Amino acid sequence: MAKFRWEDPSIIKVNKEDGHALMLPFDDEESALSGEESKYKQSLNGMWQFFWQRGLKNQPDGFEKTDFDASSWDEIKVPSVWQTEGYSIPYYYASTFPKAISRSKSKIPSIDHSMQEIGFYRKSFELDENFDGREIFLHFGAAKAALEVYVNGEFVGYSQGSMTPHEFNVTKFMKKGENLVCAKVYRYSDGTYLEDQDMWWLCGIYREVYLYAESKVCLRDFYFKTDFDVDFKDSQVSLDVFLENYDAEKCPCRVEAKLISDTG
């Protein structure tokens, strides 16, 4: 019998972008230093349609489809955790797992399907006109403990890792005008075994969600390194940059770096 992604240790992501330094694009140095939000970021925070259930049976079939009727659903604030919004209950464990997580050595990892909890999220929005012709990414700052993502009825990807961002390239799924983002969040995954600690067990989409749009040739990651002298007073610096070309054609480009200090 095939396992679900969230109980299969061989799967931790599907179509998820690799981790990278978090940054947003600006058109020029002046706008980057203005203190204003990038015009290429669109927040999806706020109220989402929401349905919660315990167990895998009788899930709302086709919840991710654009013609699905969610008029009877509740709404939930994003970001938040279910337990502070009236769904399920929080658990506090210092040295063991919740009952849904098997501690039998021969069954690890194993999650009781009847005790698995699922949150279904839907959000409609108008795509920002500034995104036209650019590469579009969907960013979930964090979701606990496993996440499936859909855009306009199509499966986009899967990710787990409760304390790290989940990011997907959604360019081919987006359209001008109104769009629909859906997420299916599971309270437990096989990764829960590794994330266990002395803590409150909470879940949901608990950090910000947003879209951002990069140019077709863009900086996707960077690493700034310092090499201090023995007195830790002066330092040699170096910068590794990682570029991505999402255009089918080769595009010559040049990278310039400028070190700016607010102390003059």
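Here, every reference points to the structure presented above.
The model shown is predicted, which means the values in this text are computed figures rather than measured ones.

Colleague: Talk me through unusual backbone geometry; I want residue IDs and the actual numbers.
Modeller: Cis geometry marks the peptide bond from Val78 to Pro79; its omega dihedral reads 5°. Here Pro79 is to be found in the loop between β4 (74–78) and β5 (91–93). The linkage connecting Ile108 with the following residue, Pro109, adopts the cis geometry, with an omega of -5°. Here Pro109 is to be found in the loop between β5 and β6 (117–126). Of note, Ser88 is a non-glycine position whose phi angle comes to about 60°, a positive value. The topology assignment puts Ser88 in the loop between β4 and β5. With a phi angle near 55°, Phe232 is a residue other than glycine that sits in the positive phi range. The topology assignment puts Phe232 in the loop between β16 (217–228) and β17 (235–245).

Colleague: Break down a nonpolar patch on the surface for me, citing the residues and quoting the values.
Modeller: A grouping of Leu219, Phe222, Phe224, Val237, Leu239, Val241, Leu243, Val255 and Leu259 is seen on the molecular surface, where their side chains present a nonpolar patch of about 740 Å² in accessible area. By secondary structure assignment, the location of Phe224 is in strand β16. Judged by relative accessible area, Phe224 falls into the partly exposed class, the value being 41%.

Colleague: How would you sum up the side chain of His139? Please name residues and give values.
Modeller: Relative to the assigned elements, His139 resides in strand β7 (residues 135–140). Here the side chain of His139 touches Glu167 through a polar contact of 2.8 Å, side chain to side chain. Contact partners of His139, with chain neighbours within four places excluded, come to Leu22, Pro165, His166, Glu167, Glu208, Val209 and Tyr210.

Colleague: Which residues make up the nonpolar core, and what are the values?
Modeller: Counting residues in hydrophobic clusters, the biggest one holds 32 residues, and the most contacted among them are Tyr121, Leu138, Phe140, Val170, Ile205 and Leu211. Secondary-structure elements contributing two or more residues to this core are β3 (46–54), β4, β6, β7, β9 (146–151), β12 (178–186) and β15 (209–214). Ignoring any residue separated from it by four or fewer positions in sequence, one finds Phe140 in contact with Trp48, Leu147, Val149, Pro165, His166, Val181, Ala183, Ile205, Glu208 and Val209. Core analysis: the second largest hydrophobic core is formed by 23 residues, Tyr91, Ala100, Ile101 and Tyr150 among them.

Colleague: Can you tell me about the sheet that holds β6, naming the residues and giving the values?
Modeller: Spatial strand order, β1-β10-β9-β12-β6-β3-β4: 7 strands in an open sheet with antiparallel pairing. The open sheet terminates on both sides in strands that have one partner only, identified here as β1 (13–14) and β4. Both β3 and β4 contribute to a ladder of 5 bridges, which runs antiparallel. Residue pairing for β4: Gln49 is matched across the bridge by Glu75.

Colleague: Help me get a handle on the pattern of salt bridges, residues and values and all.
Modeller: Per the stated rule, a full pass over the model turns up 15 salt bridges. Across the salt bridge formed by Lys216 and Glu135, the nearest N and O atoms sit 2.6 Å from each other. Placement of Lys216 in the loop between β15 and β16 and of Glu135 in strand β7 is noted, with a sequence separation of 81 residues between them. A relative accessible area of 27% places Lys216 in the partly exposed class. Between Lys225 and Asp240 there is a salt bridge, with the nearest N and O atoms lying 3.2 Å from each other. One end of the pair, Lys225, is in strand β16; the other, Asp240, is in strand β17, and 15 residues separate them in sequence. You can call Asp240 partly exposed: its relative accessible area is 30%. When salt bridges with common partners are traced through the structure, they connect Glu17, Glu167 and Arg220 into a single cluster.

Colleague: Please provide a residue-by-residue account of the sheet that holds β7, values included.
Modeller: Read from one edge of the open sheet, 4 strands run β2-β15-β7-β11, paired in antiparallel fashion. The open sheet has two edge strands with one neighbour each: β2 (41–43) and β11 (166–169). Each strand axis lies, on average, 20° off the axis of its neighbour in the sheet, ignoring direction. The sheet contact formed by β7 and β11 spans 4 bridges and is antiparallel. Residue pairing in the sheet places Leu138 in a bridge with Phe168 of β11.

Cut-offs used in this document
- Residues numbered from 1 in each chain as written.
- Predicted model: local features only at pLDDT ≥ 70, side-chain atom pairs only at ≥ 80, totals over all residues.
- Heavy atoms only, no water.
- Helix = DSSP H or I, 4+ residues; strand = E, 2+ residues; numbered from the N terminus.
- Patch = residues over 30% accessible without salt bridge, like charges linked within 9 Å, V, L, I, M, F, W, Y side chains within 5 Å.
- Areas by Shrake-Rupley, 256 points an atom, 1.4 Å probe, with all protein chains shown as cover.
- Salt bridge = Lys/Arg side-chain N within 4 Å of Asp/Glu carboxyl O.
- Buried < 20%, exposed > 50% of the residue type's maximum accessible area, 1.4 Å probe, protein only.
- Polar contact = N/O pair within 3.5 Å; in protein donor to acceptor, adjacent residues only side chain to side chain.
- Contact = heavy atoms within 4.5 Å.
- Core = buried A, V, L, I, M, F, W, Y, C linked by side-chain atoms within 4.5 Å.
- Pairing = 2+ DSSP bridges.
- Axes fitted to C-alpha atoms, helices over the stretch in contact; angles between N-to-C directions.

Just distances and angles here, no functional claims.
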